[in-house]
Structure formats: C-alpha cells, structure tokens
Amino acid sequence: MVVGASTAGFINGFAGFGTALVASGFWFLALPAHIVPPLIIISALVGQLVGLLKLSVELNWRKCSYLLSGGVLGVPLGAAALALMNPALVKASVGGFLVTYTLLQVAGWPKQAASASPEGLADRGVGFASGILGGFAGLSGVLPLVWLQLRGFSAREQRARYQPFNLLVLAFASLALLVIGKLDGELMIYVAISTPFTIIGTLLGVRAFKGVSENSFRRAVLLLLLISGGIILAQGV
C-alpha cells in the first residue's frame, strides 16, 4: 500500500494525473476490492491539492472552463455507476484505449494539430466523459490529456488546462462519495495511512516536472499511458 501511494504520488506530481492508473496496479492486489476506487479518488485529490500549491502560477482556471462545464455533469453519473456497472468492463475498455492510442502515437498517427485550436463544444464532451470516469474510478485525467495532445498544446499548456480540471472533478467525485455513503470509517483508516506517502511522492514528482524538457515530458507521459493501459487491460480481462 505504501509503495503504491508513493509511486502514484510521484507520477501525479510529475504528470498532473495518473494516481488511478498507477495505484490500482498495486492496491487491487493488496487491498479489499471495494476500498480501492474511493481510496484512489481521495488519494488523487490529495495529490492534486499538493500540485496546486506547488504549481499555482502555471495553472489556468479560465482555460479549463470548457472541460469543467462538461465534467461536473459527468461526475454524478460516474459515482452512481459504482453500484451499477462492472468495473472489469470499464477497465478493459479504458486500458485498451490507452494502449491503442499510445502505440498509434509512437507510430506517428493520429497527427497532432500544428497549432492549438480554440476551446468549444468538443471540449465539453471530453470533459463529460472524463467526469464519468472520474466519478467511477478517479480516471478523470486521461481523456483531457489525450485530447489536448491531439489539439497541439505544449506540455505546459496541457497541464495548465487539465490539472485544474482534474482537481475540481476529483473534488466533486469525493463529495459524491460522501453523499452516497462511501466515505466510511474503514476507508478513512486506509486514507490516513496512504496520505503522507502520497504527499511525499507528489512533491518529488513536481520537482522532477519542473526540470524536464518538452520532448522528454511527452515521451515520459506516453510511456506512462502505455504501461498503465497494459496494467488496466490485464486487470479488466
């Protein structure tokens, strides 16, 4: 559990997302299955709050508004889906998508936009789908990252948009968990144990992000998506 929290915190601090992608690979092996989704959401929120404090000057709340306006509508549906949907099916779908997307990117397709296009309706659609994934399993950061990459934003511009979005979606998801009674005493014990290691890992990840080049960051994120997608796909099947 400690290794999962520390590793996921580092990835979250470095990339601005990834707690669910990394922690699930550790925690589904060691913890009760019903604890893992809400624990991931809370831990991801902790990591995002630390990132907010350390990178506040680089984040752009106004430019994430299109993603967020869709995301807040999707979160309640995702939280409700915890009781209705098969987690294995969702994991297999998300994992397969990530592996396919990463391999296509490595092969040079689909091409990234030459320059970033203005935000609009499509951003709201991506935000809505990401809100559902965030409310269901803390996976709110994946689709915005892929979308912003394809639209041609730089690493800093991507993070300026998707990290504030991810933070607020996870905050809404945590509130939804409270409303449906998922934040019980058993979960809080695991939260208390994992949180210090999540914070330490996130601080180290933020420091690494500040010193990385644009190309190195993109390669690292694609590698993270490929590995995470493989892990999630394996868990789902």
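Everything discussed here concerns the structure shown above.
Parameters and conventions
- Residues numbered from 1 in each chain as written.
- Predicted model: local features only at pLDDT ≥ 70, side-chain atom pairs only at ≥ 80, totals over all residues.
- Heavy atoms only, no water.
- Salt bridge = Lys/Arg side-chain N within 4 Å of Asp/Glu carboxyl O.
- Helix = DSSP H or I, 4+ residues; strand = E, 2+ residues; numbered from the N terminus.
- Buried < 20%, exposed > 50% of the residue type's maximum accessible area, 1.4 Å probe, protein only.
- Core = buried A, V, L, I, M, F, W, Y, C linked by side-chain atoms within 4.5 Å.
- Contact = heavy atoms within 4.5 Å.
- Axes fitted to C-alpha atoms, helices over the stretch in contact; angles between N-to-C directions.
- Parallel < 35°, antiparallel > 145°, perpendicular 65-115°, else oblique.
- Left-handed = near helix turned anticlockwise from the far one by under 90°.
- Nonpolar A, V, L, I, M, F, W, Y, C, P; charged D, E, K, R; others polar.
- Expected span 1.5 Å × (residues − 1).
- 1 Å grid on protein atoms, 1.4 Å probe; cavity = no way out; pocket = protein on both sides within 12 Å on 5 of 7 lines; lining within 4 Å.
- Points joined across faces, edges and corners; volume = space filled by probe spheres on them.

1. Focus on the pattern of salt bridges
Side chains that carry opposite charge are capable of pairing whenever their charged atoms lie near each other.
Stage number 1. A complete count under the given rule lists 1 salt bridge for this structure.
Stage number 2. Between Arg151 and Asp123 there is a salt bridge, and its shortest N-O distance comes to 2.7 Å. A residue pair is termed long-range when its members are at least 10 positions apart, and Arg151 in the loop between α7 (142–150) and α8 (155–179) and Asp123 in helix α6 (residues 121–137) qualify at 28 residues.
Stage number 3. The exposure class of Arg151 is buried, given its relative accessible area of 4%.
Stage number 4. Taking the relative accessible area as the measure of exposure, Asp123 reaches 3% and is therefore buried.

2. Observations regarding the nonpolar core
Stage number 1. Grouped together as the largest cluster of nonpolar side chains are 63 residues, with contacts concentrated most on Phe17, Leu21, Trp27, Leu39, Leu139, Phe217 and Leu225.
Stage number 2. Of the residues forming this core, the biggest block, 9 residues, is contributed by α8.
Stage number 3. Residues contacting Leu225, with those up to four places away along its chain left out, are Phe17, Leu21, Leu98, Tyr101, Thr102 and Leu145.

3. A closer look at the environment of Val221
Stage number 1. One can find Val221 in helix α10 (residues 214–236).
Stage number 2. Classification of Val221 as buried rests on a relative accessible area of 1%.
Stage number 3. Each C-alpha atom of the pair Val221 and Ile11 lies 9.4 Å from the other, and the pair is 210 residues apart in sequence.
Stage number 4. Beyond its immediate sequence surroundings of up to four residues, Val221 is in contact with Ala15, Phe17, Leu145 and Gln149.

4. Details of the packing of α6 against α8
Stage number 1. Where α6 contacts α8, the two axes come as close as 9 Å, and the packing angle between them is 50°. Taken together, the axis directions place α6 and α8 in an arrangement best described as oblique. Regarding α6 and α8, the two cross each other, and that crossing is right-handed. Residues Gly127, Ser130, Gly131, Gly134 and Gly135 of α6 form the contact with α8, whose own contacting residues are Phe165, Val169 and Ala173.
Stage number 2. Residue classes in the contact of α6 with α8 are distributed as 3 nonpolar, 5 polar and no charged.

5. Quick look at helix α1 (residues 2–15)
Stage number 1. Counted at 1.5 Å a residue, the expected span for α1 with its 14 residues is 20 Å, and the 20 Å between its end C-alpha atoms agrees.
Stage number 2. Considered for burial, the residues of α1 that qualify are Gly4, Ala5, Ala8, Gly9, Ile11, Asn12, Gly13, Phe14 and Ala15.

6. Looking at the packing of helix α3 (residues 36–55) against α6
Stage number 1. Relative orientation of the contacting elements α3 and α6 amounts to 115°, with a least axis distance of 7 Å. For the pair α3 and α6, contact is made by Pro37, Ile40 and Ile41 and by Gly134, Gly135, Phe136 and Ala137, respectively.
Stage number 2. When its residues are assigned to classes, the contact of α3 with α6 shows 5 nonpolar, 2 polar and no charged.

7. Section: the layout of surface pockets
Stage number 1. Taken as a whole, the second largest pocket spans an internal volume of roughly 200 Å³.
Stage number 2. Taken together, Ile11, Phe14, Ala15, Leu21, Val22, Ala220, Val221, Leu223, Leu224, Ile227, Ser228 and Ile231 make up the full set of residues lining the second largest pocket.
Stage number 3. Counting residues per element, the ones that place at least two in the lining of the second largest pocket are α1, α2 (19–30) and α10.
Stage number 4. No other element matches the 7 residues that α10 contributes to the lining of the second largest pocket.

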